[in-house]
Amino acid sequence: TLDDVDAVAEIAREGVAESGINAVFDIENAKDFFGAYVEYPEFDLLVSVNEDNEVGGFAQVCESLEMFEQPLCYVGKFWVRKADRRTWAARDLLEAVEQWASDRDCTAIYSTATGELSGKEQKLFENLLKSYGYRDVGPVMIKLGG
């Protein structure tokens, strides 16, 4: 809900600081962006709540018909706070993504691992996806600058 947006924005701040993404984090833009994901029916913000009843992670998802009869599901961002890693948070989120996509009859779920994390954290995320049956279908390319 919109009540989760502030917590999600703070997790995104932590994630950007941890990542190798070459951009300056902006809290207001983050809140606007994640708030839009709550308000539009084709988009959603899924959260994981830890035992202290705090948001410990989130997944940003959307469904897209593009040129198909059935939608595809895209996972835009997937972040778990460092304090909530090595718990069930990431698995809970991934299972919520899969349920969300199933509820919308999506034919596939696409997720990238583009957080530019350290090798260990990057590999853990890739291994999590693979353990749920995701497979590598091609590279992600980046070009820096405007």
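Before reading further, recall that the structure is shown in the block above.
Please read these numbers as outputs of a predicted model, since none were measured by experiment.

Basis of the calculations
Residues numbered from 1 in each chain as written. Predicted model: local features only at pLDDT ≥ 70, side-chain atom pairs only at ≥ 80, totals over all residues. Heavy atoms only, no water. Buried < 20%, exposed > 50% of the residue type's maximum accessible area, 1.4 Å probe, protein only. Helix = DSSP H or I, 4+ residues; strand = E, 2+ residues; numbered from the N terminus. Pairing = 2+ DSSP bridges. Phe/Tyr/Trp six-rings, centres within 6.5 Å; stacked < 30°, edge-to-face > 60°. Salt bridge = Lys/Arg side-chain N within 4 Å of Asp/Glu carboxyl O. Contact = heavy atoms within 4.5 Å. Expected span 1.5 Å × (residues − 1).

### Observations regarding the pairing of strand β2 (residues 55-64)
And step 1. A large share of β2 lies buried, amounting to nine of its ten residues.
And step 2. Across seven bridges, strand β1 (residues 43-49) lies against β2 in antiparallel orientation. Its bridge partner being in β2, Leu 45 is matched across the sheet by Gln 60.
And step 3. Linkage of β1 to β2, two consecutive antiparallel strands, is achieved through a turn of five residues, within which Asn 53 is found at a positive phi near 60°.

### Quick look at the packing of aromatic side chains
And step 1. Tallied over the full model, the rule gives seven aromatic pairs.
And step 2. Centre to centre, the rings of Tyr 40 and Phe 43 are 6.2 Å apart; their planes meet at 75°, and the pair counts as edge-to-face.
And step 3. Judged by its relative accessible area of 47%, Tyr 40 is partly exposed.
And step 4. Between the aromatic rings of Tyr 74 and Tyr 110, the centroid separation amounts to 5.6 Å while the plane-to-plane angle is 25°, which identifies the pairing as stacked. Residue Tyr 74 is located in strand β3 (residues 72-80), and its partner Tyr 110 is located in strand β4 (residues 109-111); the two are separated by 36 residues in the primary sequence.
And step 5. Overall, the relative accessible area of 27% leaves Tyr 74 in the partly exposed class.
And step 6. Here the aromatic cluster, defined as three or more aromatic residues joined through ring pairs, consists of Phe 33, Phe 34, Tyr 37, Tyr 40, Phe 43 and Phe 58.

### Observations concerning the pattern of salt bridges
And step 1. The final tally for this structure, using the stated rule, is nine salt bridges.
And step 2. Residues Glu 10 and Arg 13 are paired through a salt bridge, measuring 3.1 Å at the closest nitrogen-oxygen approach. Of this pair, Glu 10 and Arg 13 both sit in helix α1 (residues 5-18), separated by three residues, roughly a single helical turn.
And step 3. On the accessibility criterion, Glu 10 (32% relative accessible area) is partly exposed.
And step 4. Arg 13 sits in the partly exposed class, given a relative accessible area of 36%.
And step 5. For Glu 121, the salt bridge goes to Arg 85, with nearest N and O atoms at 3.4 Å. Taken as a pair, Glu 121 in helix α4 (residues 119-131) and Arg 85 in the loop between β3 and α3 (89-103) lie far apart in primary sequence, 36 residues in all.
And step 6. Note on Glu 121: relative accessible area 15%, which makes it buried.

### Let's talk about the environment of Phe 25
And step 1. As for its placement among the helices and strands, Phe 25 is situated in the loop between α1 and α2 (27-39).
And step 2. A C-alpha to C-alpha distance of 9.9 Å links Phe 25 and Ala 9, two positions 16 residues apart in sequence.
And step 3. Those residues in contact with Phe 25 that lie beyond four places of it in its chain are Ala 9, Ala 12, Arg 13, Val 16 and Ala 30.

### Side note on unusual backbone geometry
And step 1. A positive phi is found at Glu 66, a non-glycine position, where the angle reads about 50°.
And step 2. Turning to its location among the elements, Glu 66 is positioned in the loop between β2 and β3.
And step 3. Even without being glycine, Arg 86 reaches a positive phi, approximately 65°.

### Some remarks on α4
And step 1. Its 13 residues give α4 an end-to-end C-alpha distance of 18 Å, which sits within 8% of 18 Å, the value for a rise of 1.5 Å per residue.
And step 2. Elements that come into contact with the buried residues of α4 comprise α1, β3, α3 and β4.
And step 3. Gly 133, located one to two residues past α4, shows a positive phi value of around 95°.

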